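Examining the three-dimensional arrangement
Residue strings, one per chain:
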Amino acid sequence: MKAFALDELGAPGSIHELPDPEPGEGQVLVSVGAAAINPFDAAVVAGYMKDRIPHLFPLIPASDLAGTVTAIGPGAEGYAVGDRVFGSKGKAAIGNGALAELTAATTATLTTIPDGVSDAQAAALSLAGVSALQCVETVEAGSGDVVVVMGASGGIGGYAVQLAAARGAHVIGVTSTANVDYVRGLGAAEVVDREAGPVLDQLKAAHPDGVAAIIDTASDKEALTELATAVREGGRVISMRGAADVDALAARGITGTNAQTQLSTEKLDELKAMLVDGTLRSPDITEYPLDKAGDALAAIAGGHPRGKLVVVVGAAK
C-alpha cells in the first residue's frame, strides 16, 4: 500500500510503499478515504511524544479517519465489509496511522458514516468534535450562560461554538480579524477580535459581572490564568492544552479542568446525529492530497488554521 511516512522524527515525510496491515483483535481494516490532521499529529512528527508513547517506524501519522471497511478482525462485531465508517484508530502505539491507503482501526472508536456526509466531513468531526462536546459538557453550558470560546475558528473551537449555542448559551467567540464573520456564522452571539485589543479588556468591558465559562483551545498557563479573571465566582474554565491552574482557580471559586478527550462510539454517534439533524454543520475544510500531507502537518504546526485540515487518501466519497 501507499502511505505517507517518516523514517525518523523531525525529518520530512514522503510516500512509502509498505505492506498491507491486517486487522487485529477487535479491529477492522479500513480503506481510508480521508484522514484529518490535528495539532497532536504535528507534535508527534516533531518528536515531542517520543518519550511518552511507543513509536513504530516507518512512522505513519494521524489517527482520525473515514473510509470503507474491507476486512473484519477477530472479535470485531457490529460492522460488515463495505460499511462506511469514521472515527479514530484507537491504538496506543504511534506509527500505524491513517495517512495510508489501508489502516486497522478499533471498533470501539468507530461508527458508521450517515448518508449525505462525505469522508472529509466525517474525518473532520472525529477528535475535534468529541473534544468540543466534552468541553461543552464539562463547563455545563446552559441556557443564557455566557460562554467564551478561545480559538473559535479552529477545529475544536468551531464545534464548541455550535454545541454551546445549541444548548442555549450566549457564546462569545474569540478569533482573528479574518475569521470574525466565519465565527459569527457558526452561531456566536458575540465575536471578540483578538487583533483589536487585549481580549481580557474587551470581555470585561462587555461583561463587567463576569462570564460563566471559558473553553480554551490555544492559551498557555500564564495567559489563561489572566484571562480567567473575566470568569465570575462559581464559573468554570477548561483547557485543551493543560493550561488550567486548577488550584489557583479553585482559590477564586472557579472550577478548572484540563481536558483529556475520551473518544468512543457513543460520543461519535451523538455528534453524527446532530450533524444529520442540522444542529452541527461541518467547518471549513482544506483538503490536501496524500503526497502533500507534509504541507498539512506544517500548516497546523505553524498556527491556528481555520476549520479543519484533511488529507484525501484514496477514492474519497
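Structure report, in brief. Here the structure is a predicted model, which means the values were calculated and not measured. (Residues numbered from 1 in each chain as written. Predicted model: local features only at pLDDT ≥ 70, side-chain atom pairs only at ≥ 80, totals over all residues. Heavy atoms only, no water.)

**Quick notes on the overall build of the chain**
Our working definition: Only DSSP runs of H or I covering at least 4 residues are called helices, and only runs of E covering at least 2 are called strands; the numbering of each starts at the N terminus. The size measure is the radius of gyration over C-alpha atoms, and the globule rule it meets is 2.2 Å times the number of residues to the 0.38 power. Relative accessible area decides the class of each residue, using a 1.4 Å probe on protein chains only: under 20% of the type maximum gives buried, over 50% gives exposed, and in between gives partly exposed. The method behind every accessible area is Shrake-Rupley, applied with a 1.4 Å probe, and residues are considered shielded solely by the protein chains displayed. We treat Lys and Arg as the positive residues and Asp and Glu as the negative residues; His and chain ends play no part in the count. To locate a charge, the coordinates of NZ of Lys, CZ of Arg, CG of Asp or CD of Glu are taken.
When you go through the chain residue by residue, the secondary structure sums to 9 helices and 17 strands. Against the 2.2 N^0.38 benchmark of 20 Å for 317 residues, the chain shows a C-alpha radius of gyration of 20 Å, consistent with a compact globule. Split into buried and exposed, the 317 residues of the chain put 53% on the buried side. Per element, the accessible surface of the chain, about 13,100 Å² overall, is 49% carbon and sulfur. The average position of the 22 basic charges and that of the 38 acidic charges among the side chains of the chain differ by 2 Å.

**Details of the pairing of strand E17 (residues 308-312)**
We apply this condition: Paired strands are those between which DSSP finds at least two bridges. With the strands aimed away from the viewer, a crossover counts as right-handed if its path from the first strand over the helix to the second runs clockwise.
Within E17, 4 of the 5 residues are buried, leaving the element largely enclosed by the surrounding structure. When strand E3 (residues 27-37) meets E17, the two strands line up antiparallel, connected through 4 bridges. Note that in E17 the partner of Ile-37 across the bridge is Leu-309. Bridge analysis of strand E16 (residues 285-289) against E17 gives 5 bridges, and the strand direction is parallel. Along E17, the bridge assignment pairs Tyr-288 with Val-311. Remark: the E16/helix H9 (residues 293-301)/E17 crossover connection has right-handed handedness.

**Some points on unusual backbone geometry**
The step from Phe-57 to Pro-58 runs through a cis peptide bond, and the omega angle for that step is -5 degrees. With respect to the helices and strands, Pro-58 occurs in strand E4 (residues 55-60).

**Structural notes on the pattern of salt bridges**
Stated precisely, the cut-off is as follows: Put simply, a salt bridge is a Lys or Arg side-chain nitrogen that is within 4 Å of an Asp or Glu carboxyl oxygen.
What the rule picks out here adds up to 8 salt bridges. The partner of Lys-2 in a salt bridge is Glu-17, and the shortest N-O contact between them spans 3.3 Å. With a gap of 15 residues between them, Lys-2 in strand E1 (residues 2-5) and Glu-17 in strand E2 (residues 14-17) connect regions that are remote in the sequence. Accessibility expressed as a relative area gives 38% for Lys-2, which makes it partly exposed. Where Asp-269 meets Lys-272, a salt bridge forms, and the shortest distance between an N and an O atom there is 3.7 Å.

**Some details on H9**
We apply this condition: Arc definition: directions from the helix axis to the C-beta atoms.
Burial in H9 covers these residues: Ala-293, Ala-296, Leu-297 and Ile-300. Down the axis of H9, the buried set is contained in an arc of 100 degrees. They therefore lie on one face.

**Observations concerning the packing of helix H2 (residues 119-138) against helix H8 (residues 265-277)**
This is how it is decided: Here an angle of 0 to 180 degrees is reported between the N-to-C directions of two axes, which are lines fitted to C-alpha atoms, with helices fitted over the stretch in contact. Oblique is the label for every angle not falling under 35 degrees (roughly parallel), over 145 degrees (roughly antiparallel), or within 65 to 115 degrees (roughly perpendicular). Contacts were defined at the residue level, with two residues in contact if any of their heavy atoms lie within 4.5 Å. Amino acids are sorted into nonpolar (Ala, Val, Leu, Ile, Met, Phe, Trp, Tyr, Cys and Pro), charged (Asp, Glu, Lys and Arg) and polar (every other residue, Gly among them).
At a minimum axis separation of 10 Å, H2 and H8 run at an interaxial angle of 95 degrees. Considered as vectors, H2 and H8 are oriented roughly perpendicular to each other. On H8, the residues that touch Leu-125, Ser-126, Gly-129, Val-130, Leu-133 and Glu-137 of H2 are Lys-267, Leu-268, Glu-270, Leu-271, Lys-272, Met-274 and Leu-275. A class-by-class count of the residues in the contact of H2 with H8 yields 7 nonpolar, 2 polar and 4 charged.

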